[in-house]
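# Per-entry structural report
The residues making up each chain are set out below.
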Amino acid sequence: MKPAAPVHPIARLPEEWRDALAARGERAFAAKQIFNWIHRHGVVDPAAMTNVSARLRAALAEEGLGSIAEIVHVHRSADGTRKLVVRLKDGATIETVLLPAVSGPGARQESEIDADAAAADDDEEEDDATTEEAFRGKTRVTQCISTQVGCAMGCVFCASGVAGWKRHLGPEEIVAQILLGRALLDEDEALRNVVFMGMGEPLHNYEGTARALRLLTHPDGIALSTRRVTVSTSGLVPEIARLGRDFNGQIALAISLHAADDESRSALMPINKKYPIAELLAALKAYPMQRRRRITIEYTLVSGKNDDVAEANKLARLLRGVPVKINLIPMNPIEASTLGPPEMTRVFAFQKALVGAGYSCFIRRRRGDDVSAACGQLVLLGAKPKVKAFRNSAS
């Protein structure tokens, strides 16, 4: 049996810090101090950990605790969205996006139905008084993070897979995106939600994603509520079940569906050939959802492919009996595809059909597309796009 890879210091949980420090003869209370410095304060340089002994700071530096990622460029959109290009220690680059909440004029789409489709907004009223006080007067920010360098899923409307899959991110590299992103927030901003919707398929990198979730939600660190964390997947059925078991359904789930029949979905998303829609729906029905929670169905509308009212009606029938809300995403143009979004009149007609069938259905507001930070536009730095064509059959 292959021995488990050593856990990077940034990815250690407090109990693992206690064990590591006990082996050095250090006192247990230092474990919480170090974890606090890293995850609550974003400090990874041992020399700056002022309440840690000089001897231990030197040992931590020798062990390799320190910066593992740097921001090499910040693309700021006219709408306040910021795309961060992050370089990792091996030279690989990934992207993560900060999305401040929008209010005032322009906060709604031109539709009769609320178009704010933030992934974790179902139970807004459940936040306790302490949480609400922390956000009082602050602009709430959602951060979209990556879990892989590239992506192996090959969806035809997404730029992340242009150069294919390169490697998984370690949990420390996933969490480092949050530490870097928080440091860039303005004084009147606060991190509210984290969505695993950046580069890569989170459940393909299950071990890294699961440990990152435990780190992000640990009460001694960043302390995100599990209600404020969403994992998006293209439909890896065994890993969906594993996520439900490991986290007792407390992690919000988003499913990239994008079609209501196997032939169309396989043409858009090759993963459907391995896990067809019937298997995926069975996994969703079995997912141990918490009270008042719903699974988010992400549906990218591609002009002339999956965007007419007949498809909306088919989707409504397909999802009957599953606790869902639906996010409609007019496709964001990417260099690697000749496909594009439908006219907004078709988007609104699609939405109207689903709402008429009894579903909560939102149109995701286009954010950051002027800096290629919108859904489906994150791409490997320097990747050469190869144009993908939509196939009319699953063959």
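This one's a predicted model, so the numbers in the text were calculated from it and none came from an experiment.

## Re the UniProt feature "binding site: [4Fe-4S] cluster" (unreviewed entry) in the protein chain
With numbering matched to this structure, UniProt assigns "binding site: [4Fe-4S] cluster" (unreviewed entry) to Cys 151, Cys 155 and Cys 158. You can see Cys 151 is positioned in the loop between strand 5 (148-149) and strand 6 (167-168). Within the secondary structure, Cys 155 sits in the loop between strand 5 and strand 6. Residue classification places Cys 155 among the buried residues on the basis of a relative accessible area of 12%.

## Re the nonpolar core
Across soluble globular proteins, nonpolar side chains show a tendency to be buried alongside one another. Core analysis: the largest hydrophobic core is formed by 100 residues, its most contacted members being Phe 196 and Leu 354. Once residues lying within four places of it in the same chain are set aside, the contact partners of Leu 354 are Ala 312, Leu 315, Ala 316, Ile 326, Leu 328, Tyr 359 and Cys 361.

## Some words on the pairing of strand 7 (residues 189-196)
A large share of strand 7 lies buried, amounting to eight of its eight residues. The pairing of strand 4 (residues 139-144) with strand 7 spans six bridges and is classified as parallel. Its bridge partner being in strand 7, Thr 139 is matched across the sheet by Glu 189. Pairing of strand 7 with strand 8 (residues 229-233), which is carried by three bridges, proceeds in the parallel orientation. Within strand 8, the position partnered with Phe 196 by the bridge is Val 231.

## Notes on the sheet that holds strand 11 (residues 324-330)
Here ten strands make up an open sheet; going across it, the order is 1-2-3-4-7-8-9-10-11-12 and the pairing mixed. Of all strands in the sheet, those with a lone pairing partner are strand 1 (69-76) and strand 12 (361-363), marking the two edges. Going across the sheet, the axis of each strand differs from the next one's by a mean of 25°, ignoring polarity.

## A look at the confidence of the model for the protein chain
For the protein chain, per-residue confidence averages 85 on the pLDDT scale, and residues scoring 70 or more make up 81% of the total. Every residue in residues 104-125 scores below 50 in pLDDT, and together they form 56 contacts with partners more than four places removed in sequence or on other chains.

## Concerning the side chain of Thr 142
The topology assignment puts Thr 142 in strand 4. At a separation of 3.3 Å, a polar atom in the side chain of Thr 142 contacts the side chain of Asn 193. In contact with Thr 142, other than residues within four places in its own chain, are Val 97, Leu 98, Leu 99, Asn 193 and Val 195.

Analysis parameters
Residues numbered from 1 in each chain as written. Predicted model: local features only at pLDDT ≥ 70, side-chain atom pairs only at ≥ 80, totals over all residues. Heavy atoms only, no water. UniProt positions renumbered as here; feature names shortened; annotations may be inferred. Helix = DSSP H or I, 4+ residues; strand = E, 2+ residues; numbered from the N terminus. Buried < 20%, exposed > 50% of the residue type's maximum accessible area, 1.4 Å probe, protein only. Core = buried A, V, L, I, M, F, W, Y, C linked by side-chain atoms within 4.5 Å. Contact = heavy atoms within 4.5 Å. Pairing = 2+ DSSP bridges. Axes fitted to C-alpha atoms, helices over the stretch in contact; angles between N-to-C directions. pLDDT = per-residue confidence, 0-100. Polar contact = N/O pair within 3.5 Å; in protein donor to acceptor, adjacent residues only side chain to side chain.

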